[in-house]
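Per-entry structural report
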Amino acid sequence: KTMDISKFKAALNGGATADAQLMADIGPYNLLIGETPEYSSSALTFDESNRIFSSTFSEGFAWEVLEVLAGPPTVTFKWRHFGKFSGTYTDKKGNKYQGNGEMVNVIGICIAKVNDQLVIESLDIYYNPEDLLRPLTTQVRKGDGEVPVGGTDEADSRNVKGGPCCTSSATSNCSVM
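Now for a quick tour of the structure. All of these numbers come straight from a predicted model, not from anything done at the bench.

The rules behind each value
Residues numbered from 1 in each chain as written. Predicted model: local features only at pLDDT ≥ 70, side-chain atom pairs only at ≥ 80, totals over all residues. Heavy atoms only, no water. Pairing = 2+ DSSP bridges. Helix = DSSP H or I, 4+ residues; strand = E, 2+ residues; numbered from the N terminus. Axes fitted to C-alpha atoms, helices over the stretch in contact; angles between N-to-C directions. Polar contact = N/O pair within 3.5 Å; in protein donor to acceptor, adjacent residues only side chain to side chain. Salt bridge = Lys/Arg side-chain N within 4 Å of Asp/Glu carboxyl O. Buried < 20%, exposed > 50% of the residue type's maximum accessible area, 1.4 Å probe, protein only. 1 Å grid on protein atoms, 1.4 Å probe; cavity = no way out; pocket = protein on both sides within 12 Å on 5 of 7 lines; lining within 4 Å. Points joined across faces, edges and corners; volume = space filled by probe spheres on them. Nonpolar A, V, L, I, M, F, W, Y, C, P; charged D, E, K, R; others polar.

This paragraph deals with the sheet that holds strand β3 (residues 62-70). Here six strands make up an open sheet; going across it, the order is β2-β1-β8-β7-β4-β3 and the pairing mixed. Taken across any chain shown, the strands that pair with only one partner, and hence form the sheet edges, are β2 (17-19) and β3. Each strand of the sheet is rotated relative to its neighbour by a mean of 25 degrees, with strand direction disregarded.

Written out as structure tokens, the structure is:
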């Protein structure tokens, strides 16, 4: 037995707590990511969120303790979740991003309260969910039908034919939308 389900509570970044049943119902990804510009935990079931991240990290998404900062009964430790972005990530709008094989590293801190049998009673998890999601929408491989993310901004006139060149002597090719 690793946790006392009658007492278990988990919270992300000091937010609302979830009990063991809620965590079992919605899944760890939904609990630990929440609502962001790229991800909607309320729109996904446990199985759907698991499929997204199984597809995203097709070679696995490992977790490890990096450093234990304090021992029982309040165990404080630094952790890392990591894996190659070698699959496809689908954001909350249905956009698909093909990974380029780059390693995604997410670092966080956890404060785990345990009983005298070292059974977990609560987890307070601290990390920035954007550290997980941002690489999934920026570290992408350009492929058929894919648009590079973070490329030229269409609104930036310096990168548009006929943009700032209109102020130079080469105005014959200038156009205004």
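Examined against the element boundaries, Gln98 turns out to sit in strand β6 (residues 96-98). Among the polar contacts listed, one links the side chain of Gln98 to the backbone oxygen of Gly87, at a separation of 3.2 Å. Of note is the side chain of Gln98, whose polar atom sits 2.9 Å from the side chain of Thr88.

Take the pattern of salt bridges next. Tallied over the entire structure, the rule returns three salt bridges. One salt bridge connects Arg80 with Glu64, and the closest N-O pair in it is separated by 2.8 Å. Taken as a pair, Arg80 in strand β4 (residues 74-84) and Glu64 in strand β3 lie far apart in primary sequence, 16 residues in all. Exposure remark for Glu64: the relative accessible area of 28% places this residue in the partly exposed category. The closest approach of N and O atoms between Arg134 and Asp131, which form a salt bridge, is 3.8 Å. With Arg134 and Asp131 both in helix α4 (residues 130-138) and three residues apart, this pair spans about one turn of that helix.

It is worth spelling out the layout of surface pockets at this point. The space that makes up the largest pocket amounts to roughly 490 Å³. For the largest pocket, the lining is made up of 21 residues, of which Pro28, Leu32, Trp63, His81 and Ile125 are closest to its centre. Elements with a minimum of two residues in the lining of the largest pocket: α2 (28-33), β4, β7 (103-114) and β8 (120-126). When the residues that make up the lining of the largest pocket are grouped by side-chain class, the tally is 20 nonpolar, one polar and no charged.

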